Amino acid sequence: MGTNNWWPAQAEAAMAMDPADWRTELPFDKRQRIVNRILDALKRVFPVSGQEGLNELRKIAVRFEEKIYTSATSQSDYLRKISLKLLTMETKSQNAMGSNLPYNSVGNSKNP
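Residues numbered from 1 in each chain as written. Predicted model: local features only at pLDDT ≥ 70, side-chain atom pairs only at ≥ 80, totals over all residues. Heavy atoms only, no water.

## Some remarks on the overall build of the protein
Logical step 1: A tally of regular secondary structure across the protein gives 4 helices and 0 strands.
Logical step 2: Counting helices and strands in the order they occur from the N terminus, the protein gives α-α-α-α.
Logical step 3: Buried residues in the protein amount to 29% of all 112 residues.
Logical step 4: Of the contacts formed within the protein by residues at least 6 apart in sequence, a portion of 61% connects residues at least 24 apart.
Logical step 5: When the accessible surface of the protein is summed, it comes to about 8,000 Å², and 54% of that surface belongs to carbon and sulfur atoms. (Helix = DSSP H or I, 4+ residues; strand = E, 2+ residues; numbered from the N terminus. Buried < 20%, exposed > 50% of the residue type's maximum accessible area, 1.4 Å probe, protein only. Contact = heavy atoms within 4.5 Å. Areas by Shrake-Rupley, 256 points an atom, 1.4 Å probe, with all protein chains shown as cover.)

Structure (structure tokens):
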């Protein structure tokens, strides 16, 4: 999968529809950087090996960004929704990892 052809054609069409829409002012490279940040977060939560796993995570990141992009009412709403979702995902992942630790390794132990 090349780096130039991973973007959905619907996104390009949506940007061309309404020149007053906030989406027309969001540069394409900024969206790519946001997708890359989403991908980095997904890799931390769902470690994968191999190119196939990485391609699947990239598809998930692109679909997630596209969903938020189309539903957001402004650029700040877009960034807020993505940030909150990533924070929630990473927090849930950390909590799940913490709950899998043995009882003695968590909490305030009085023994050094």
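Having put the structure on the table, let's press on.
## Concerning the nonpolar core
Logical step 1: Core analysis: the biggest nonpolar cluster contains 20 residues, and Ile38, Tyr78 and Ile82 have the highest contact counts within it.
Logical step 2: At the level of elements, helix H2 (28–45), helix H3 (50–71) and helix H4 (75–99) are the ones that each hand at least two residues to this core.
Logical step 3: No other element matches H2, which puts 7 residues into this core.
Logical step 4: If near-sequence neighbours (up to four positions away) are discounted, tyrosine 78 is found in contact with Trp22, Leu26, Arg31, Ile34, Glu65, Ile68, Tyr69 and Ala72. (Core = buried A, V, L, I, M, F, W, Y, C linked by side-chain atoms within 4.5 Å.)

## Concerning the pattern of salt bridges
Logical step 1: Under the criterion given, the structure shown has 9 salt bridges.
Logical step 2: Ionic pairing is found between aspartate 40 and lysine 43, a salt bridge with its closest N-O pair at 3.8 Å. Taken together, the residues aspartate 40 and lysine 43, both in helix H2 and 3 residues apart, mark about one turn of the helix.
Logical step 3: Using a relative accessible area of 35% as the deciding quantity, one classes aspartate 40 as partly exposed.
Logical step 4: Assessed through its relative accessible area of 35%, lysine 43 is described here as partly exposed.
Logical step 5: In this structure, lysine 81 engages aspartate 77 in a salt bridge whose closest nitrogen and oxygen atoms are separated by 3.4 Å. Here lysine 81 and its partner aspartate 77 are both found in helix H4, 4 residues apart, which amounts to about one turn of the helix.
Logical step 6: A relative accessible area of 26% places lysine 81 in the partly exposed class.
Logical step 7: Through salt bridges that share partners, Arg31, Glu65 and Glu66 make up one connected network. (Salt bridge = Lys/Arg side-chain N within 4 Å of Asp/Glu carboxyl O.)

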